[in-house]
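Coordinate analysis (summary)
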2 protein chains.
Amino acid sequence: MAVVKVQADVLDRFCMDVFDRFGFSESDSRIITDVLLLADLYGIESHGAQRLVRYHKGIASGRIKVDAKPEIIHETPVSAVIDGHAGMGQLMGHYGMSLCIEKAKKSGMAMVSVRNSNHYGIAGYYAKMASDQGLIGISCTNSEAIVTPTFGKKAMIGTNPLAFAMPAKPYPFFFDAATSIVTRGKFEIYRKAEEPVPEGWGVDENGKVCTDPGRVLDNINARAGGGILPLGGAYELTGSHKGYGNAMIVEILSSILSLGLTSNHTNIGTLGGTCHGFAVIDPAIFGDPDAIIQHLSDYLEELRESPKADGHDKIYTHGQKEVEGLARRKKEGVDVDMKTLDEMKDMSEYVGADFMSYFADVYRK
Amino acid sequence: MAVVKVQADVLDRFCMDVFDRFGFSESDSRIITDVLLLADLYGIESHGAQRLVRYHKGIASGRIKVDAKPEIIHETPVSAVIDGHAGMGQLMGHYGMSLCIEKAKKSGMAMVSVRNSNHYGIAGYYAKMASDQGLIGISCTNSEAIVTPTFGKKAMIGTNPLAFAMPAKPYPFFFDAATSIVTRGKFEIYRKAEEPVPEGWGVDENGKVCTDPGRVLDNINARAGGGILPLGGAYELTGSHKGYGNAMIVEILSSILSLGLTSNHTNIGTLGGTCHGFAVIDPAIFGDPDAIIQHLSDYLEELRESPKADGHDKIYTHGQKEVEGLARRKKEGVDVDMKTLDEMKDMSEYVGADFMSYFADVYRK
């Protein structure tokens, strides 16, 4: 597929324009755009500006309420439960993590669960909010049930990503990963390339391991059974129950503690209901935070410098690729495929944005 | 290999006898024995009474100090760092989790990190201590570096298990798993059976995927390179970086926050240095704890009742197998293999315990 490079500031201005036209305030548009742009700059394009179109559909269908305000429905000095009232996920996520950071700064640690929200973009954005302030940040979310439990043939859990971020030098520790073996986007890439997916990625409507990406995706879309497998694949032998367990931990921190909808009940028709979980820990409650962060930095350095497997010249630590990629993409632009530009153009017409004023130099030239 | 059934109370009395002879007080022996017996009753025999012999060696070599007392070296209302002074892991773990529970009951949540400890048995024991009291318990530990980071050929991380327990009915949620794809014990089983291990379990001294369990184990023992792979196997395509990331989270919660030794520096010669991490959350800080626990119970029930993949008649939720297995093993006895009994007999002679008074009816009859 044709891919063009778009400068980040162009995408940024386009997103701000579109969210304004969706009806969001400037400060809310700023938050949502920041979350999307970070994904693009980190190379997680599936969660970047290409989501604009899906958010537009969500707003049009009523699943996402532009005017919703987060409501604290339970609170202690170390915790809160927030009802998102079907608002935009990024706004509820940003509000939840901000509150969690505020509480952790006072109490040393805190947790916040959010229910009745929507897709919040990359989990890592919120974890990074904490680590940018010298704290440990944890962020997770449940999501539409497209993952089967071990030995199941019906998708009952979401891809349920968990992110964990902590300051370190020269790269912060930044881990952000679905608890499923891959996300839906990976299946879409294989379908477009007309290639089978690796064994252990998905199961068909009978719960049998299936390497046909189209069949798995069509089944997911039709809710016909089957789905994506947990990290660890299909069998206990390869650790399927471990990925399934990790997904359950995410479910507990998001939907269970908030009494929200579990993944299997979210995102059906015009019902969103996505739930998020946040935790923040101030390293200072364990001693000298500088010494602790240095200790992590030293270990990460040892890992990067440790002997490489034959055929590899680099061992990465989590967060390194993101930092390196961000610097490169800020200079060179971010990848946007032509299909996404087409969708953005259609949407622009619908909301009255001047698409060509942003993308004339890259669109089908 | 020949396996015999031993009644749990017989193993219990034998362990108590042996730990007394090692020099532990009755209350300390009680704690250590409880941790080992729970592993046996849960069917995790590798972490049960068969560890006695290794603990004996640890004590004899000086790696484990029988008289060590845990020392709190940093403390806040929601946290503590404990120096284990090379004491028995179970005692340091029990002390750390007890302190964490006490703090969480007052503050709503708490975290404790322990450094300079030793192998503490199953991570889940300590998480269960919290869930038995209506709380959410998290327990993790680093360990001897026998796991390679993604694209590495030198073991730099431990099998680093993480356990998460929360009350639910009829089975509590109880997740306890290494962040590596399997543990060393699984390789030993394949070596004994003279069968290749599945691809994606281990790498050889060059970092190449290796299905020869003996080669991987010999390399590990000789510190000759290679090792076990993280959950997700050898490739990013199968999620290797995710298991590696989960192992890093465990490392942060245990060795980094406590300024203890990271896995790659522990358990070398007579140096132990293992670190543990504990966290406890009172569900009541999120609302009505009964409603929250019921919400989890309902979801677990939905998972168990959801459609099964072809060829399977059960979907398990985490903790179910353990509860069912415990009831069965309390009645039928726990599995002990003859080789373990041989080792126990040798050790008994060494410490002066009357082996045959415990095992005459099962030993080579």
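So, a few notes on the structure that sits alongside this text. Computed from a predicted model, the values in this text were never measured in an experiment.

Scoring rules and cut-offs
- Residues numbered from 1 in each chain as written.
- Chains lettered and ligands numbered in written order.
- Predicted model: local features only at pLDDT ≥ 70, side-chain atom pairs only at ≥ 80, totals over all residues.
- Heavy atoms only, no water.
- Core = buried A, V, L, I, M, F, W, Y, C linked by side-chain atoms within 4.5 Å.
- Buried < 20%, exposed > 50% of the residue type's maximum accessible area, 1.4 Å probe, protein only.
- Contact = heavy atoms within 4.5 Å.
- Helix = DSSP H or I, 4+ residues; strand = E, 2+ residues; numbered from the N terminus.
- Expected span 1.5 Å × (residues − 1).
- Axes fitted to C-alpha atoms, helices over the stretch in contact; angles between N-to-C directions.
- Parallel < 35°, antiparallel > 145°, perpendicular 65-115°, else oblique.
- Nonpolar A, V, L, I, M, F, W, Y, C, P; charged D, E, K, R; others polar.
- 1 Å grid on protein atoms, 1.4 Å probe; cavity = no way out; pocket = protein on both sides within 12 Å on 5 of 7 lines; lining within 4 Å.
- Points joined across faces, edges and corners; volume = space filled by probe spheres on them.
- Polar contact = N/O pair within 3.5 Å; in protein donor to acceptor, adjacent residues only side chain to side chain.
- Salt bridge = Lys/Arg side-chain N within 4 Å of Asp/Glu carboxyl O.

Overview of the nonpolar core
- Formed by 103 residues in total, the largest nonpolar core has its most connected members in Phe164, Met166 and Phe173 of chain A together with Phe164, Met166 and Phe173 of chain B.
- Discounting chain neighbours no more than four positions away, the residues touching Phe164 of chain B are Ile249, Ile252 and Leu253 of chain A together with Ala127, Ile136, Gly137, Ile138, Phe173, Phe174 and Phe175 of chain B.

Quick notes on helix α10 (residues 320-332) of chain A
All names here are of chain A.
- Between the first and last C-alpha of α10 there are 18 Å, a value that for 13 residues agrees with the 18 Å anticipated at 1.5 Å per step.
- Within the span of α10, buried status applies to Gln320, Glu322, Gly325 and Arg329.
- Elements that come into contact with the buried residues of α10 comprise α2 (26-42), β7 (173-177), α9 (289-305) and β11 (334-337).
- Residue Gly333 follows α10 closely and has a positive phi angle near 95 degrees.

Observations concerning the packing of helix α1 (residues 8-22) of chain B against helix α3 (residues 52-61) of chain B
Residue and element names in this part refer to chain B.
- It is at 12 Å that the axes of α1 and α3 come closest, and there the two elements cross at 5 degrees. Between α1 and α3, the interaxial angle falls into the category roughly parallel. Contact with α1, carried on its side by Phe14, Cys15, Val18, Phe19 and Phe22, involves Leu52, His56 and Ile59 of α3 and no other residues of that element.
- Residue classes in the contact of α1 with α3 are distributed as seven nonpolar, one polar and no charged.

Comments concerning empty space enclosed by the protein
- As enumerated under the stated definition, the model contains one cavity of 30 Å³ or more in all.
- As a volume, the largest cavity reaches approximately 630 Å³.
- Forming the boundary of the largest cavity are 43 residues, of which Leu162, Ile249 and Leu253 of chain A together with Leu162 and Ile249 of chain B lie nearest the centre.
- In terms of residue class, the lining of the largest cavity is made up of 35 nonpolar, six polar and two charged.

As for the side chain of Thr76 of chain A
- In this fold, Thr76 of chain A is placed in strand β2 (residues 71-76).
- Judged by relative accessible area, Thr76 of chain A falls into the buried class, the value being 18%.
- Of note is the side chain of Thr76 of chain A, whose polar atom sits 2.6 Å from the side chain of Ser79 of chain A.
- Non-local contacts of Thr76 of chain A, meaning those with residues more than four positions away in its chain, are made with Lys103 of chain A together with Ile285 of chain B.

A word on the pattern of salt bridges
- Under the criterion given, the structure shown has 38 salt bridges over all chains.
- A salt bridge links Arg30 of chain B to Asp12 of chain B, with the nearest nitrogen and oxygen atoms 2.7 Å apart. Taken together, the residues Arg30 of chain B in helix α2 (residues 26-42) and Asp12 of chain B in helix α1 connect sequence positions 18 residues apart.
- Among the residues examined, Arg30 of chain B registers a relative accessible area of 29% and is labelled partly exposed.
- One salt bridge in this structure joins Glu205 of chain B and Arg215 of chain B, with 2.9 Å as the shortest N-O distance. Note that Glu205 of chain B is positioned in the loop between β8 (202-203) and α7 (213-222) and Arg215 of chain B in helix α7, a separation of 10 residues in sequence.
- One connected set of salt bridges, linked through shared partners, spans Asp12, Arg30 and Asp34 of chain A.

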